[in-house]
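Single-letter residue listing:
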Amino acid sequence: MKILGISYGAHSSSISLLENGKVVFCLEEERHSRVKPYVDFYNNWFRFPQMSLNELFGRIGIKWEDIDLVSSHNSFEEIQYVLSCVGISFEDPNKFFKFDHHECHALGAYYFSGFEEDCLNIVLDGAGFGASGKYYLGKNGELSLISEISGVGEEGSMASLGLFYSIVTDFLEFKRVKDEGKVVGMSSHGKFNQNYYDLFYDLIRGEGYHTRFISLDQMAKTLNQNFYNLIGGRYWKNEKQDLAYNAQLAFENRIVEIVESLHSEFPFARKLVLSGGVFANIKVNKRLNDLDWVDEVFVMPPMSDEGISVGSCIGAYRKMNPDFRPRKIQNVFWGSSFSSDEVISQWDDRKFGAKKYVVSDVAKSLSEGKIIGFFQEGYEHGPRALGNRSILAHPGLNSTYKKVNDRLQRNDFMPFAPSVLFERAQEIFECSKSNYTGEFMTMLYDTKPDWIDRIPAVVHPIDKTARAQIVKFENNPKFHELIKEFYLLTGIPLLLNTSFNVHEEPIVCKPSEAFAHLETGIVDELVIGNLIFSKLD
């Protein structure tokens, strides 16, 4: 049975293909259009996954007549229109399953968690079809709705925790729907200020998990009025780090209150499943993981709206197969892949030399401080590079952080992540709890003191945390082998791993995009499949 999931809206459009309960493809429109979702947001453009559908039914070669069911959070009529734009007539509503927006988030997260035990499944985001969050109980392979947060404020317009963080991002003179991660990174550089904390917390104050937020417009207006009443005419832009710290702390505390309130009602559920854009905030995830009563946390790897289409597929499959249970996934390498012939066809041998991939050669280059582009098979579904569309570097050199930052034109507040061998992870990071979600780089861990100074490029300079990816051989043998070879040369069982893209561009999809990074000197060497490319003199 083949199920096609389709999702579109204001941002993060995607499609997914599920075959007999197994994910075969997940394609994100931004990877194919080369347009980041925030661009559409600011242009008030609602993009649908036309290029992804053309990729699936064109180059990849899936046939429409082989699709048994279609699923979405969009309506049947909307999906009819989307498919018609790529020349497909879809006329049978009996072959269509529609699911609620937040239910799609929850379905994907729960059934990928592998949790057989009772768990709380929490979805929090900016907005989705009238709600801004929902809470479910996962029990015996079933999800049951506990409650929801209205996405409509008391004044009748949009309101949510996710929108609160967007307002903060805008307030700190970044771009919302784009720069929230910069605020998270900046927050660790600030310090507590009771007045600033109250300023932010008062905007999201509530009682337990039964809550309703003031609207987006009212939140922005109240924040600005109260802030300028507080500071008067004082210059404040040198206090942005403190403002970010206190906004982040208020945000974390409010989410902890929600989770604690749910736990008081369902004390037997000691595992957490998290999805929705709010949980792209890695510091929130750590706060929840650090709660004493929490046994384990799983964060949906494509936690934002790019994960909606695969969640709808899971929902449709379970409708047809009620015995389907949560199970662990090995990886999320579900994007487009390219054959050796396709790679060769995009290689300009007048510009780039090539030699056969030898793992020891690449490990040696990394040990010497070279920056490597690593491009393998299907791209990762979700925002994290996990070894198939990655830029890799030596984490132990003091020069690495600035070198990679400069080449990628990144902001200093955004730390890099380590990819660490599973066999050595607990020697370096406090990751004995929730290490499965760490395989997808969705958890923040404390770094053990003996390692802080040994891997400066991947440890946050203030709070000494790291957003580690835990790499198992069975999940990605080639990447694991490379890290192990680097370990033999340097004594460091991890690599700096960041997404294969210049800052503010989508992660690369095609070989030609990777070659462009080699040509412009962003990477020193490029590994695609079993070839190593370098620029000719």
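Here, the structure is the one placed above.
The shown structure was predicted, so the numbers you read here are calculated from the model rather than taken from an experiment.

Section: the side chain of D125
Piece 1. Note that D125 resides in strand β6 (residues 119-128).
Piece 2. Although D125 is buried, it makes no salt bridge; K134 carries the closest opposite charge, 9.9 Å away.
Piece 3. Residues contacting D125, with those up to four places away along its chain left out, are H101, H102, H105, S132, G133, S160, G162, G276, G277, V278 and D305.

A few points about the packing of aromatic side chains
Piece 1. Taken as a whole and assessed by the stated rule, the structure comprises 35 aromatic pairs.
Piece 2. Members of the aromatic cluster, joined through ring pairs, are F164, Y165, F171, Y196, F200, F227, Y228, W236 and F251.
Piece 3. The ring of F375 has R389 lying over it, and the distance from NZ or CZ to the ring centre is 3.7 Å.
Piece 4. Of note, R454 hangs over the ring of W451, and the distance from its end group to the ring centre comes to 4.0 Å.

Quick look at the sheet that holds strand β2 (residues 14-19)
Piece 1. Taken in spatial order, the five strands make up an open sheet running β3-β2-β1-β4-β5, and their pairing is mixed. A single partner strand is all that each edge strand has here, and the edge strands are β3 (22-28) and β5 (96-98). Between one strand and the next, the sheet's axes are offset by a mean angle of 20 degrees, whatever the strand orientation.
Piece 2. Note: strand β4 (residues 69-72) against β5, three bridges, orientation parallel.

Here's the deal with the packing of helix α6 (residues 161-171) against helix α10 (residues 240-265)
The description of two packed helices rests on the angle between their axes and on the distance between the axes.
Piece 1. Two elements in contact, α6 and α10, have axes whose closest approach is 11 Å; the angle formed by their N-to-C orientations is 175 degrees. Between α6 and α10, the angle falls in the class roughly antiparallel. Note on element contacts: α10 touches α6 through L243, A247, Q248, F251, R254, I255 and I258, opposite L161, F164, Y165, V168 and F171.

What about the packing of α10 against helix α11 (residues 282-289)?
Piece 1. It is the contact of α10 with α11, at a shortest axis distance of 10 Å, that shows an interaxial angle of 45 degrees. In terms of orientation, α10 lies oblique with respect to α11. Handedness of the α10/α11 crossing: right-handed. Of the residues in α11, those in contact with Q248, L249, F251, E252, N253, I255, V256 and V259 of α10 are K283, V284, R287 and L288.
Piece 2. Within the contact of α10 with α11, the residues separate by chemical class into seven nonpolar, two polar and three charged.

Things to note about the pattern of salt bridges
Piece 1. A full pass over the atoms with the stated rule returns 36 salt bridges.
Piece 2. Bridged by salt links that share partners, the residues K178, D179, K182 and E504 form one connected network.

A look at unusual backbone geometry
Piece 1. Despite not being glycine, N20 shows a phi value in the positive range, around 50 degrees.
Piece 2. With respect to the helices, strands and loops of the structure, N20 is situated in the loop between β2 and β3.
Piece 3. Although it is not a glycine, N140 sits at a positive phi angle of roughly 55 degrees.
Piece 4. Checked against the element boundaries, N140 lands in the loop between β7 (131-139) and β8 (142-150).

Digging into the environment of P506
Piece 1. Within the secondary structure layout, P506 lies in the loop between β18 (494-499) and α20 (511-519).
Piece 2. Look past the residues within four positions of P506 in its chain and what remains in contact with it is E30, R34, V35, K36 and N501.

Concerning the environment of N253
Piece 1. Mapped onto the fold, N253 is located in helix α10.
Piece 2. It is 8.8 Å that separates the C-alpha atoms of N253 and V284, two residues lying 31 residues apart in sequence.

The rules behind these values
Residues numbered from 1 in each chain as written. Predicted model: local features only at pLDDT ≥ 70, side-chain atom pairs only at ≥ 80, totals over all residues. Heavy atoms only, no water. Helix = DSSP H or I, 4+ residues; strand = E, 2+ residues; numbered from the N terminus. Buried < 20%, exposed > 50% of the residue type's maximum accessible area, 1.4 Å probe, protein only. Lys, Arg positive; Asp, Glu negative; His and termini not counted. Salt bridge = Lys/Arg side-chain N within 4 Å of Asp/Glu carboxyl O. Contact = heavy atoms within 4.5 Å. Phe/Tyr/Trp six-rings, centres within 6.5 Å; stacked < 30°, edge-to-face > 60°. Lys NZ or Arg CZ within 6 Å of the ring centre and 35° of its normal. Pairing = 2+ DSSP bridges. Axes fitted to C-alpha atoms, helices over the stretch in contact; angles between N-to-C directions. Parallel < 35°, antiparallel > 145°, perpendicular 65-115°, else oblique. Left-handed = near helix turned anticlockwise from the far one by under 90°. Nonpolar A, V, L, I, M, F, W, Y, C, P; charged D, E, K, R; others polar.

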